[in-house]
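# Structure at a glance
Here are the chains, one letter per residue:
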Amino acid sequence: MAQQETEKVHLDDDGYVVDTEDCEARELAHRERGTVRPITVVGNPVLHRELKDVTEFDDELAQLIDDMFASQKAAEGVGLAANQIGVDLKVFVYDCPDDEGVRHTGVVVNPKLVDLPADRRVLDDSNEGCLSVPTAYASLARPDYAEVTGQDAQGNPIKVRGTGYFARCLQHETDHLYGYLYIDRLSKRDRKDALRQMAENTPRYETVPNE
Ligand code: ZN
């Protein structure tokens, strides 16, 4: 197979990744090179511990990212963390609309959530779900704006920012890489209810059975 031309990441004037251009073509190129892999679910140890930092920005990482886009699409997700296909590395991909309905598509390696000043922390109470807690949804308050720093697939430093549902996605996916699911942020009662929803329904995508 021919070597892929390296996808260049564009930055805006403030140094944030431009992730709103050519979304359709970029997402398609990734998933056409990728393989759909089954999704791990709550209880699988890989979802409940901090993952390893990525140190090699090589073809293997590129293949992982392609597999993650393919798996995200197959499961109809808007974001996917590497441990959701069983891989112990800090990587997430996203394909998610913001509060204005603008589509954002990209990948973040070794992300860290940026602490925001109190005046930027406006909480938004919306429904949240996770491919690793199939078929369940619960309301969860999160800041309606988020920023992450990290690296692109080649190891260059990047920043990503988002509003609305995309802000929620950035927080949710970063949480995954540190071993947290959104249900870990719910009250005991809401968590139990989410697990009950999961137990009562069948996901529309392939999952990895727990031991
Ligand atoms: Zn999730």
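Residues numbered from 1 in each chain as written. Predicted model: local features only at pLDDT ≥ 70, side-chain atom pairs only at ≥ 80, totals over all residues. Heavy atoms only, no water.

The name given to the protein in an unreviewed UniProt entry is Peptide deformylase, and the organism recorded there is Streptomyces bambusae. For the protein, the Function (unreviewed entry) comment in UniProt is given as "Removes the formyl group from the N-terminal Met of newly synthesized proteins. Requires at least a dipeptide for an efficient rate of reaction. N-terminal L-methionine is a prerequisite for activity but the enzyme has broad specificity at other positions." (UniProt positions renumbered as here; feature names shortened; annotations may be inferred.)

### Comments concerning the UniProt feature "active site" (unreviewed entry) in the protein
This chain's UniProt record puts "active site" (unreviewed entry) on Glu173. On the secondary structure map, Glu173 appears in helix H3 (residues 164–177). On the accessibility criterion, Glu173 (4% relative accessible area) is buried. Leave out the neighbours within four places in its chain, and Glu173 touches Gly79, Leu80, Ala81, Gln84 and Phe92. Of the polar contacts made by the side chain of Glu173, one reaches the backbone nitrogen of Ala81; its length is 3.4 Å. (Helix = DSSP H or I, 4+ residues; strand = E, 2+ residues; numbered from the N terminus. Buried < 20%, exposed > 50% of the residue type's maximum accessible area, 1.4 Å probe, protein only. Contact = heavy atoms within 4.5 Å. Polar contact = N/O pair within 3.5 Å; in protein donor to acceptor, adjacent residues only side chain to side chain.)

### So, the layout of surface pockets
Here the second largest pocket is characterised by a volume of approximately 530 Å³. Glu76, Gly129, Cys130, Leu131 and Tyr137 are the residues nearest the centre of the second largest pocket, which is lined by 26 residues in total. If one sorts the elements of the lining of the second largest pocket by residue count, H3 sits on top with six residues. Looking at the lining of the second largest pocket residue by residue, the classes come out as 13 nonpolar, eight polar and five charged. (1 Å grid on protein atoms, 1.4 Å probe; cavity = no way out; pocket = protein on both sides within 12 Å on 5 of 7 lines; lining within 4 Å. Points joined across faces, edges and corners; volume = space filled by probe spheres on them. Nonpolar A, V, L, I, M, F, W, Y, C, P; charged D, E, K, R; others polar.)

### Comments concerning the sheet that holds strand S7 (residues 145–151)
The strand order across the open sheet built from five strands is S2-S3-S4-S7-S8, with neighbouring strands paired in antiparallel fashion. One side of each edge strand has no neighbouring strand; the edge strands of this open sheet are strand S2 (79–81) and strand S8 (157–163). In this sheet, adjacent strand axes meet at a mean angle of 30 degrees when their direction is disregarded. One ladder, built from seven bridges, connects strand S3 (residues 91–97) with strand S4 (residues 103–113); its direction is antiparallel. Within S4, the residue paired with Cys96 across the bridge is His104. Against the sheet, helix H1 (residues 23–33) makes contact with S3 and S4, and its axis sits at roughly 65 degrees relative to S4, the strand it touches most. Packed on one face of the sheet, helix H2 (residues 59–74) meets S2, S3 and S4 and runs near 40 degrees to S3. (Pairing = 2+ DSSP bridges. Axes fitted to C-alpha atoms, helices over the stretch in contact; angles between N-to-C directions.)

### Brief notes about the coordination of the zinc ion
Protein-derived ligands of the zinc ion are Cys130 (SG), His172 (NE2) and His176 (NE2), with the metal-ligand distances lying across 2.0 to 2.3 Å. All donors of the zinc ion belong to a single chain; written as a sequence motif, their spacing is C-x41-H-x3-H. Highlighted residues: Cys130 in the loop between strand S5 (123–129) and strand S6 (137–143) and His176 in helix H3, separated in sequence by 46 residues. Residue Cys130 shares its accessibility class with His176, and that shared class is buried. (Donors = N, O, S within 2.8 Å, 3.2 Å for Na, K, Ca; no water.)

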